[in-house]
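Tertiary structure, described
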Amino acid sequence: NNNLINAGIKTAQNELVILGQSSDKSSFVTKFTSQGNVIWSKKYEPDYPFVSWVQYPWYSNSRLYGIANSSDSTSFVYGSSSEHGRSINGVEYPGNHSVGWLLNLDKFGNVIYGKYFGNWGTDYSVDGLIHLQSGGLLIYLRALSFPFISRIICFNKAGDIVWTTPLQAISPPSTTIASKP
């Protein structure tokens, strides 16, 4: 068994929910009782698997990195996936890229909703999540390639985007500021 445990949370009912990666590199979530008995375990894969070279898009190499509780006994898992174009004369077009991936799971591990973040020519990963008291959430969408403009995205409780803010490294001031002792 080469399974890895990436993260875990404790529910309000004292149950444990762990996020892992199996030896075939797929992500799974397992829920345990407080005594360590398995309640359920599910593998999560993108909803657009590879079927044929002419389909577009399809996803692979999906990885879930983090998990967070919600106030209503649901949970969120997040990470990234590779999005692919179709193959034309042996060349993939558009070329594959990384997209951020977010799933909202009910207390039985069923997907309530899922979202991908990114456009062709971008590379993103969902690397952080904060659940808000309003029931909404903030995610950190990390840019993995130039021009490295990451984003903070705010969602309402229904999963709709409320606002988004780009984050870009700010260079230090070019003038020296003198300080008085």
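For the structure given in this document, a descriptive report is provided here. (Residues numbered from 1 in each chain as written. Predicted model: local features only at pLDDT ≥ 70, side-chain atom pairs only at ≥ 80, totals over all residues. Heavy atoms only, no water.)

**Considerations on the sheet that holds strand S3 (residues 27-32)**
The line we're drawing: Any two strands with at least two DSSP-identified bridges between them are counted as paired. Numbering of helices and strands starts at the N terminus; helices are DSSP runs of H or I of at least 4 residues and strands are runs of E of at least 2. For helices, the fitted line uses only the C-alpha atoms of the stretch in contact; every axis is such a line through C-alpha atoms, and the angle between N-to-C directions lies from 0 to 180 degrees.
Sheet architecture is open: four strands sit in the order S1-S2-S3-S4, paired in antiparallel fashion. Unpaired on one side and paired on the other, strand S1 (4-10) and strand S4 (38-44) mark the two borders of the sheet. For this sheet, the mean inter-axis angle between neighbouring strands, taken without regard to orientation, is 20 degrees.

**A short note on the nonpolar core**
As a rule of thumb, nonpolar side chains are buried together in soluble globular proteins. Stated precisely, the cut-off is as follows: The term nonpolar core refers to a set of buried residues drawn from Ala, Val, Leu, Ile, Met, Phe, Trp, Tyr and Cys, joined through side-chain atoms within 4.5 Å. Accessible area is worked out with a 1.4 Å probe on protein chains only. A residue is then buried under 20% of its type maximum, exposed over 50%, and partly exposed in between. Two residues qualify as a contact provided that any one of their heavy atoms is within 4.5 Å of a heavy atom in the partner residue.
Grouped together as the largest cluster of nonpolar side chains are 15 residues, with contacts concentrated most on Leu102, Phe117, Leu129, Leu137 and Ile139. Listing elements by their share of this core, those giving two or more residues are strand S6 (75-84), strand S10 (111-117), strand S11 (124-131), strand S12 (137-143) and strand S13 (150-155). Not counting the four nearest positions on each side in its chain, Ile139 is found in contact with Leu102, Phe117, Val126, Gly128, Leu129, Arg151, Ile152, Ile153 and Phe155. Formed by twelve residues, the second largest nonpolar core is a distinct cluster that contains Ile9, Val17, Tyr44 and Val77.

**Focus on the side chain of Ser75**
Residue position: Ser75 is located in strand S6. When its relative accessible area of 9% is taken as the criterion, Ser75 is described as buried. Once residues within four sequence positions are removed from consideration, Ser75 is found in contact with Ile9, Ala68, Ser70, Leu103, Asn104 and Leu105.

**Remarks on the packing of aromatic side chains**
Just so we agree on the cut-off: Planes of paired rings set the category: under 30 degrees apart is stacked, over 60 is edge-to-face and the rest tilted, where pairs are Phe, Tyr or Trp rings (Trp by its six-membered ring) whose centres lie within 6.5 Å.
Applying the stated criterion to the full structure yields three aromatic pairs. Taken together, a centroid distance of 4.2 Å and an interplanar angle of 5 degrees make the contact between Tyr59 and Tyr116 stacked. Of the two residues, Tyr59 is situated in strand S5 (residues 58-69) and Tyr116 in strand S10; the sequence distance between them amounts to 57 residues. On the basis of relative accessible area, Tyr59 is assigned to the buried category, the value being 8%. Aromatic pair Trp101 and Tyr116: ring centres 6.4 Å apart, planes at 5 degrees, arrangement stacked. Residue Trp101 is located in strand S9 (residues 97-105), and its partner Tyr116 is located in strand S10; the two are separated by 15 residues in the primary sequence. Taken together, the aromatic side chains of Tyr59, Trp101 and Tyr116 make up a single cluster linked through ring pairs.

**Brief notes about the sheet that holds strand S14 (residues 161-167)**
Taken in spatial order, the four strands make up an open sheet running S11-S12-S13-S14, and their pairing is antiparallel. The two strands at the open ends of the sheet, each matched to only one other strand, are S11 and S14. When strand polarity is set aside, the average angle formed by the axes of neighbouring strands in this sheet is 20 degrees. Alignment of S11 against S12, held across seven bridges, turns out to be antiparallel. If you follow Gly128 over to S12, its bridge partner there is Tyr140.

That is the geometry; function is a separate question.
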